[in-house]
Amino acid sequence: MKANILKFALIIGTSSFATVAVQAAEQPPQYAASCGACHAYAVAGAPKTGDAAQWEPRLAKGMEALVSSVKNGLGVMPAGGMCTTCSDDDYKALITYMSTPQ
Ligand code: HEC
C-alpha cells in the first residue's frame with residue numbers, strides 16, 4: 001500500500017516536472033545535437049539562438065526560403081544542418097525556436 005502511494009507520487013511528480021520543462025524552454029528534441037552546436041554560440045556567423053535582432057533579416061526571407069537554406073546548406077552550415085532525421089516541419093519548429101527571444 002505504501003509502495004503504491006509512493007509510485008503514484010512519483011508519477012505525478014515526474015509528469016508535472018516534464019510539463020514545466022516544456023513550457024519554460026519549448027526546445028525541439030533535435031536542437032541540442034544539431035543546430036544548437038553552432039547557433040547556441042553564433043559559431044562562424046550563425047544567427048544566435050534567442051537573439052531576435054539577428055534573426056529578423058533572415059525571417060524576412062520567409063520560412064520556406066529558410067528551410068531550403070538549411071536543407072541545401074548555406075556558407076559554413078552543412079546541408080541539413082547536421083540533422084539527418086529532420087522533416088520540413090521539424091526545421092520550421094527549430095527555426096521558430098531559435099528566432100524566438102529566450
Ligand atoms: C556547423 C554549424 C551549423 C549548424 C550545425 C547549423 N547551422 Fe544554421 N547556420 C550556420 C551559419 C554559419 C549560418 C549563417 C550562414 C551565412 O549566412 O553565411 C547559418 C544560418 C542559418 C539560417 C539562416 C539561413 C538564411 O537563408 O539566411 C537558418 C534558418 C539556419 N541556419 C537554421 C539551422 C537549423 C534549423 C539547424 C539545425 C537543423 C542549423 N541551422 C544547424 C551554422 C550552422
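It should be noted that the structure appears before, not after, this text.
Residues numbered from 1 in each chain as written. Predicted model: local features only at pLDDT ≥ 70, side-chain atom pairs only at ≥ 80, totals over all residues.

What follows is about unusual backbone geometry. Of note, the phi angle at Ala42 is positive, near 55°, even though the residue is not glycine. Among the structural elements, Ala42 can be located in the loop between α2 (36-39) and α3 (52-59). For Ala42, a count of 13 C-beta atoms within 10 Å corresponds to the partly exposed category. Not every positive phi belongs to a glycine, and Met82 is a case in point at roughly 70°. Inspection of the secondary structure puts Met82 in the loop between α4 (63-72) and α5 (88-99). Take Met82: there are 16 C-beta atoms within 10 Å of it, and that puts it in the partly exposed class. (Helix = DSSP H or I, 4+ residues; strand = E, 2+ residues; numbered from the N terminus. Buried ≥ 20, exposed ≤ 12 C-beta atoms within 10 Å, placed from the backbone.)

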